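Remarks on the overall topology
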Amino acid sequence: DQQVKQNSPSLSVQEGRISILNCDYTNSMFDYFLWYKKYPAEGPTFLISISSIKDKNEDGRFTVFLNKSAKHLSLHIVPSQPGDSAVYFCAASAKVSGSRLTFGEGTQLTVNP
Amino acid sequence: NAGVTQTPKFRVLKTGQSMTLLCAQDMNHEYMYWYRQDPGMGLRLIHYSVGEGTTAKGEVPDGYNVSRLKKQNFLLGLESAAPSQTSVYFCASSYAGFEQYFGPGTRLTVT
């Protein structure tokens with residue numbers, strides 16, 4: 001049972017445009033959400049997070065939106081840069097599960113110059 | 001700070017062989033984790049530890065064992081490797097449990 005799903009395996013955008021990566025979850029106990037970025041042959045690196053008490057969190061070019069009623073979150077990157085080309089994973093956690101994260105399958109973002 | 005390091009980076013095993021993957025962190029983190037990443041499946045938690053001397057099962061623990069004898073080290077063992085354990089293994093650590101810092105990964109092939 002895949003509790004966190006990223007339905008788009010890949011996304012291609014032009015440099016300077018907005019990239020929107022989507023993530024859906026099914027477990028209503030999830031109350032903290034994170035996005036990680038992964039380059040080939042490297043480990044994932046933390047990008048941005050959001051608590052369920054908020055609906056938006058912004059950090060520079062990156063903004064995460066959370067729609068609790070739809071159990072949906074999205075990551076917006078504006079403007080997109082070629083260096084943003086990577087695999088993006090969303091992850092979710094619930095206080096009741098302690099320190100465990102559940103990851104989505106990942107979305108490969110390609111930003112074309 | 002080296003952060004999270006993993007040894008080895010690559011390994012090829014024959015079916016039935018055993019090996020240990022070592023993870024070390026120098027950030028004084030309490031929590032440590034082992035994940036595997038397979039194509040189209042994201043990262044799946046194998047085992048984790050919430051402190052020195054503790055371990056717990058994750059989502060896919062079968063065929064693996066772990067030990068956390070020292071706070072900075074978390075070992076993942078495969079007693080009898082199987083082709084289904086061919087994967088990329090990532091170790092991670094965190095201070096408070098949520099924002100995790102990952103190592104560079106170990107690519108394991110079992111033939």
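A brief structural summary. Since the structure is predicted, the reported quantities are computational estimates derived from the model, not experimental observations. (Residues numbered from 1 in each chain as written. Chains lettered and ligands numbered in written order. Predicted model: local features only at pLDDT ≥ 70, side-chain atom pairs only at ≥ 80, totals over all residues. Heavy atoms only, no water.)

**Notes on the interface of chain A and chain B**
- Of the residues lining the interface, 18 residues belong to chain A; the matching set on chain B comes to 22 residues.
- The contact between chain A and chain B buries some 1,600 Å² in all, and 63% of this surface belongs to carbon and sulfur atoms.
- Ranking the residues of chain A by area buried against chain B places Ser99, Arg100 and Phe103 of chain A at the top, with a combined share of 35%.
- Linking chain A with chain B are 1 residue pair in polar contact (both at pLDDT 80 or more), by the criterion used here. (Contact = heavy atoms within 4.5 Å. Buried area = accessible area lost by both parts, 1.4 Å probe. Polar contact = N/O pair within 3.5 Å; in protein donor to acceptor, adjacent residues only side chain to side chain.)

**Concerning the side chain of serine 49 of chain B**
All names here are of chain B.
- Examined against the element boundaries, serine 49 turns out to sit in strand S5 (residues 43-49).
- A polar side-chain atom of serine 49 sits 2.9 Å from the main-chain carbonyl oxygen of glycine 51.
- Among residues more than four places away in sequence, those in contact with serine 49 are Glu30, Tyr31, Met32, Thr54, Thr55, Arg68 and Phe74. (Helix = DSSP H or I, 4+ residues; strand = E, 2+ residues; numbered from the N terminus.)

**Some details on the layout of surface pockets**
- There is about 460 Å³ of room inside the largest pocket.
- Along the wall of the largest pocket there are 22 residues; nearest its centre are Lys38 of chain A together with Gln37, Val88, Phe90 and Arg107 of chain B.
- Looking at the lining of the largest pocket, the elements that each hand over two or more residues are strand S11 (107-112) of chain A together with strand S9 (87-94) and strand S11 (106-110) of chain B.
- Classifying every residue of the lining of the largest pocket gives 8 nonpolar, 8 polar and 6 charged.
- In this structure, the second largest pocket is lined by 20 residues; those nearest its centre are Gln3, Arg100, Leu101 and Thr102 of chain A together with Glu59 of chain B.
- Among the elements of the structure, strand S9 (86-93) and strand S10 (102-103) of chain A together with S5 of chain B are those that each provide at least two residues to the lining of the second largest pocket.
- Among the elements that take part in the lining of the second largest pocket, S5 of chain B stands out by supplying 3 residues, more than any other.
- The residue inventory of the lining of the second largest pocket, partitioned by class, reads 10 nonpolar, 6 polar and 4 charged. (1 Å grid on protein atoms, 1.4 Å probe; cavity = no way out; pocket = protein on both sides within 12 Å on 5 of 7 lines; lining within 4 Å. Points joined across faces, edges and corners; volume = space filled by probe spheres on them. Nonpolar A, V, L, I, M, F, W, Y, C, P; charged D, E, K, R; others polar.)

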